[in-house]
Amino acid sequence: MQCYFDHRSLMLLAERQEALWTRRQALDSGAGYELIRSRVKQGTWIDHGHGVFGPPGVPWTHRRWLWRAHLIAGRGSVVSHEAAAVLHRMEGFSGEPVVVTRSHGGWSRLDGVTVHQIDDCRPHHRTRRQGLPVTTPVRTVLDLATVVGRARLEIAVEEELARGRVSVAGLAALLEEVARPGKPGVTRLQNVLDRQVGNRPSVTRLEWLMDRVLESLAGIRVVREIPLPSRGECDGRVDFALPEFRIVIEVDGRRWHERRRDMIRDRDRDNAAASAGWLTLRFMWEHVVEDPDGVARTIRSVCDQRTRP
């Protein structure tokens, strides 16, 4: 039974996609395979390959090439790397690169398109520019670290920090979220950040700042420098603890290469505390210095979610 073909809805969709649509979108509009073949044969639909179609006579712009690449790569794909930098008008990036990121899986090679297969590009790493799904400025900076040299990356980071579109705390949080041994670009971006923020507060100053944050949490008892809660897997002491909620709070003033070097030890300490029923919250100095109110809100929110033993 032939379904009703909603041509108007398909064309409205195409208007938002630079006069392009996919075979799947046409089928969802009720077109049917025979109708698609007929329209292509008649020349009223142009087959642009890989299941993407459009009307005849539409000129190709950079944005249209990006839409084609995104539609071919699939709904979960996103414009990224140099192409995202151009859309965000980042310093030092120009031209018409066509670059998309998608999760790992099947992909047909496409001339003129660079496809990165990455599984840690999460929903909050995405935004929209000119209607296209594109990585956020902070995620774009991290992705650029995998494909450009240090000098070019430093210029982009300096410019984005000056514009206020990224912050050291935001870059630090993203690195903490996605960093893993062997993750491309992480070391390069860490080195750039170390140069950007060479004057770090002393350990004493950082702990004093964290004290002020914790003092703002009325009604929550804080103790300092207690033995690491564990079942004996690890020893040492922790910076701060909230015993009523079994929360450990660690503040980290190390340089990036030191954090990376000690990543396994930190995870071992966190796991040891978790085995004893304690949750570890780690805050880098960037968070404590740049956004103390945000740190306080995070701690309060976690406390509200945890049941007092």
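Since the model is a prediction, treat every value here as computed from it, not as a measurement.

Thresholds, definitions, all that
- Residues numbered from 1 in each chain as written.
- Predicted model: local features only at pLDDT ≥ 70, side-chain atom pairs only at ≥ 80, totals over all residues.
- Heavy atoms only, no water.
- Helix = DSSP H or I, 4+ residues; strand = E, 2+ residues; numbered from the N terminus.
- Rg over C-alpha atoms; globule rule 2.2 N^0.38 Å.
- Buried < 20%, exposed > 50% of the residue type's maximum accessible area, 1.4 Å probe, protein only.
- Contact = heavy atoms within 4.5 Å.
- Areas by Shrake-Rupley, 256 points an atom, 1.4 Å probe, with all protein chains shown as cover.
- Lys, Arg positive; Asp, Glu negative; His and termini not counted.
- Charge placed at Lys NZ, Arg CZ, Asp CG, Glu CD.
- Core = buried A, V, L, I, M, F, W, Y, C linked by side-chain atoms within 4.5 Å.
- Expected span 1.5 Å × (residues − 1).
- Pairing = 2+ DSSP bridges.
- Axes fitted to C-alpha atoms, helices over the stretch in contact; angles between N-to-C directions.
- Salt bridge = Lys/Arg side-chain N within 4 Å of Asp/Glu carboxyl O.
- Parallel < 35°, antiparallel > 145°, perpendicular 65-115°, else oblique.
- Left-handed = near helix turned anticlockwise from the far one by under 90°.
- Nonpolar A, V, L, I, M, F, W, Y, C, P; charged D, E, K, R; others polar.

**As for the overall build of the protein**
Logical step 1: What the protein contains, in helices and strands, is 14 helices and twelve strands.
Logical step 2: Here the C-alpha atoms of the protein give a radius of gyration of 25 Å, more than 25% beyond the 19 Å that 2.2 N^0.38 yields for 309 residues.
Logical step 3: Each principal axis of the C-alpha distribution contributes one length, and for the protein these read about 80 × 50 × 35 Å.
Logical step 4: Per-residue burial for the protein yields a buried fraction of 47% across its 309 residues.
Logical step 5: Counting contacts in the protein only where the partners sit at least 6 residues apart, residues at least 24 apart contribute 62% of the total.
Logical step 6: As displayed, the protein has an accessible area near 15,900 Å², and 49% of this comes from carbon and sulfur atoms.
Logical step 7: Measuring between centres, the 48 positive side-chain charges of the protein sit 5 Å from its 40 negative side-chain charges.

**Examining the nonpolar core**
Logical step 1: Ranked by internal contacts, the top residues of the largest apolar core, which has 23 residues, are Phe93, Val141, Leu144, Leu153, Val157, Leu171 and Leu189.
Logical step 2: Where this core is concerned, the elements lending two or more residues are α5 (81-87), α6 (137-144), α7 (150-163), α8 (168-178) and α9 (186-196).
Logical step 3: Other than its neighbours up to four places away in sequence, leucine 171 contacts Val138, Val141, Val157, Val166, Leu189 and Leu193.
Logical step 4: Counting residues in hydrophobic clusters, the runner-up holds 22 residues, among them Leu242, Ile249, Trp285 and Ile299.

**Notes on helix α4 (residues 62-73)**
Logical step 1: Taking 1.5 Å as the rise per residue, α4 with twelve residues should run 16 Å; its terminal C-alpha atoms sit 17 Å apart, in good agreement.
Logical step 2: Where burial is concerned, most of α4 is hidden: ten out of the twelve residues are buried.
Logical step 3: Among the residues of α4, those classed as buried are His62, Arg64, Leu66, Trp67, Arg68, Ala69, His70, Leu71, Ile72 and Ala73.
Logical step 4: Taken from the residues just after α4, glycine 74 is the one with a positive phi, measuring 115°.

**A closer look at the sheet that holds strand β1 (residues 21-22)**
Logical step 1: Strand order across the open sheet formed by three strands is β1-β3-β2, with antiparallel pairing between neighbours. Where the open sheet ends on each side, the last strands, each with one partner, are β1 and β2 (46-47).
Logical step 2: Both β2 and strand β3 (residues 52-54) contribute to a ladder of two bridges, which runs antiparallel. In the sheet register, isoleucine 46 faces β3, and the bridge partner there is glycine 54.
Logical step 3: Most of the contacts of α4 go to β3, to which it runs at about 140°, and overall it touches β1 and β3.

**Regarding the pattern of salt bridges**
Logical step 1: Tallying each qualifying case throughout the model produces 19 salt bridges.
Logical step 2: As a salt-bridge pair, arginine 139 and aspartate 143 come within 3.1 Å of each other at their nearest N and O atoms. Within this pair, arginine 139 and its partner aspartate 143 are both found in helix α6, separated by four residues, close to a single helical turn. With respect to burial, arginine 139 and aspartate 143 carry one shared label: buried.

**As for the packing of α6 against α7**
Logical step 1: Look at α6 against α7: their axes get within 10 Å of each other, and the N-to-C directions meet at 165°. Judged by the angle between their axes, α6 and α7 are roughly antiparallel. For the pair α6 and α7, the sense of crossing is left-handed. On α7, the residues that touch Pro137, Val141 and Leu144 of α6 are Leu153, Val157 and Glu160.
Logical step 2: Looking at the contact of α6 with α7 residue by residue, the class counts come to five nonpolar, no polar and one charged.

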